[in-house]
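These are the residues of each chain, in order.
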Amino acid sequence: MAASVNREASKPETQPPVDERLQKLLDRALYADGCPEAQRLRNFLNGTWLGEPLHVVLTDLPVGAWTVAMVFDLLELILGRREFASAADASIGIGLAGAAGAAITGLTDWSDVDPPARRLGLLHGFLNLGGTALFATSLVLRSKKSRRSGRVFSVLGYAVMSYAAHLGGKLVYEHRVGVDRTDGQAFPDDFVAVMPESQLADDQPTRAMVQGVPIVLVRRGGCLFAMADTCSHFGGPLSEGTLEGNSIVCPYHSSRFDLEDGRVLNGPAVHPQPCLAVRARDGQIEVRKAHSETDDPQPTT
């Protein structure tokens with residue numbers, strides 16, 4: 001038995017995978033020990049203010065600009081007109097500027113991506129960096145009058161970028177990165193009892209089910225709140241989160257939502273959390289779909 005213990009103790013510690021170690025380093029830099037300024041910057045880069053991932057918006061710029069550059073290169077070859085060469089060069093420059101913004105926002109999003117999408121996201125990012133480097137090389141060669149070599153590097157860059165975009169599609173459509181995880185959840189149009197009022201403690205997020213859909217109930221400051229329990233960012237259970245004032249913080253990536261209207265107060269979430277109308281009646285807590293923005297939190301009796 002002692003020999004077995006010694007053998008176990010002598011085993012080398014397994015290192016976390018590279019993608020996990022890189023993500024931890026990035027998290028440490030981006031979160032900056034909870035610095036409010038760092039959180040505001042993350043909210044901007046995530047697209048919390050926009051209601052959609054900012055990275056997705058910015059990726060259209062390099063893809064579109066470099067596609068146009070390829071068209072102008074082709075027109076220059078066919079027609080031999082100098083203005084098409086200038087337009088191609090300008091388009092590559094615009095794409096490089098857009099790629100810088102897409103890279104920064106993409107890194108910010110990737111810092112909160114969980115396995116198995118994390119490794120795929122890292123490959124997606126490295127390929128985009130490679131494609132960007134090829135286009136940058138193309139622009140340098142063009143400036144040195146080596147247009148033929150510049151066009152070759154553009155074609156290579158476009159091929160790499162296209163495959164990186166394919167992987168980006170897999171991240172969204174297969175792994176649901178950046179997708180609202182509450183989309184498709186249906187709530188009743190009329191009030192339905194979900195829990196005895198006596199089972200809901202003050203200031204304690206509590207999970208309940210309504211027609212097979214998990215919700216979180218909160219009694220705070222004399223008012224009842226109800227919203228979807230599934231975090232819109234990455235599906236974390238808000239009922240296992242913590243309360244901060246009249247808001248709830250997801251236990252997975254610390255997205256923070258307003259209890260009254262579900263709006264995102266802190267990212268990485270960008271999609272608001274669906275809220276429900278809630279009331280206490282005859283000893284039961286009842287909820288239904290919020291029919292309008294005038295459905296206010298109900299005072300407890």
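As a reminder, the structure under discussion sits directly above these lines.
What comes next is a walk through the structure. Here the structure is a predicted model, which is why all the values come from computation and not from measurement.

What counts and how
- Residues numbered from 1 in each chain as written.
- Predicted model: local features only at pLDDT ≥ 70, side-chain atom pairs only at ≥ 80, totals over all residues.
- Heavy atoms only, no water.
- Helix = DSSP H or I, 4+ residues; strand = E, 2+ residues; numbered from the N terminus.
- Expected span 1.5 Å × (residues − 1).
- Buried < 20%, exposed > 50% of the residue type's maximum accessible area, 1.4 Å probe, protein only.
- Contact = heavy atoms within 4.5 Å.
- Axes fitted to C-alpha atoms, helices over the stretch in contact; angles between N-to-C directions.
- Parallel < 35°, antiparallel > 145°, perpendicular 65-115°, else oblique.
- Nonpolar A, V, L, I, M, F, W, Y, C, P; charged D, E, K, R; others polar.
- Pairing = 2+ DSSP bridges.
- Polar contact = N/O pair within 3.5 Å; in protein donor to acceptor, adjacent residues only side chain to side chain.
- Phe/Tyr/Trp six-rings, centres within 6.5 Å; stacked < 30°, edge-to-face > 60°.
- Lys NZ or Arg CZ within 6 Å of the ring centre and 35° of its normal.

On to helix 6 (residues 117-143), then. Its 27 residues place the ends of helix 6 39 Å apart at the C-alpha level, agreeing with the 39 Å of an ideal helix rising 1.5 Å per residue. Burial in helix 6 covers these residues: A117, R118, L120, G121, L122, H124, G131, F135, S138, L141 and R142. Turning to helix 6, the residues buried within the fold contact helix 2 (18-31), helix 4 (54-79), helix 5 (82-110) and helix 7 (147-173).

Before going further, it helps to spend a moment on the packing of helix 2 against helix 5. Contact geometry for helix 2 and helix 5: axes closest at 9 Å, N-to-C directions at 105°. As far as their axial angle goes, helix 5 and helix 2 are roughly perpendicular. Listed contacts from helix 5 to D19, L22, Q23, L26 and L30 of helix 2 are L107, T108 and W110. Here the residues of the contact of helix 2 with helix 5 sort into five nonpolar, two polar and one charged.

In the sheet, strand 1 (residues 192-196) pairs with strand 10 (residues 284-289) via four bridges, with the strands oriented antiparallel. Along strand 10, the bridge assignment pairs V192 with V287. When strand 9 (residues 276-281) meets strand 10, the two strands line up antiparallel, connected through six bridges. Across the sheet, R281 pairs through a bridge with Q284, a residue of strand 10. In sequence, strand 9 turns back onto strand 10 through a hairpin of two residues, with D282 there showing a positive phi of about 55°.

With respect to the helices, strands and loops of the structure, H55 is situated in helix 4. A relative accessible area of 16% means that H55 is categorised as buried. At a separation of 3.3 Å, a polar atom in the side chain of H55 contacts the side chain of T105. Among residues more than four places away in sequence, those in contact with H55 are A102, T105, G106, D109 and H124.

Right, let's get into the packing of aromatic side chains. Applying the stated criterion across every chain yields a total of three aromatic pairs. For the pair W66 and F135, a centre-to-centre distance of 4.2 Å together with 10° between the ring planes defines the contact as stacked. Of this pair, W66 sits in helix 4 while F135 sits in helix 6; the two residues are 69 residues apart in sequence, bridging distant segments of the chain. Each member of the pair, W66 together with F135, is buried. An angle of 25° between the planes, with centres 6.2 Å apart, marks the rings of F72 and F84 as stacked. Of this pair, F72 sits in helix 4 while F84 sits in helix 5, and the two are twelve residues apart along the sequence. Residue F72 is classed as partly exposed on the basis of its relative accessible area of 22%. Above the ring of F234, the side-chain terminus of R181 is found at 4.6 Å from the ring centroid. Against the face of F191 rests R279, its NZ or CZ located 3.9 Å from the ring centre.

Another aspect to go through is unusual backbone geometry. Here the amide bond leading from P115 into P116 is cis, since omega sits at 0°, within 30 degrees of zero. Take P116: it is sitting in the loop between helix 5 and helix 6. Omega for the peptide link from G267 to P268 comes to 20°, which places this bond in the cis form. By the element assignment, P268 lies in the loop between strand 8 (264-266) and strand 9.

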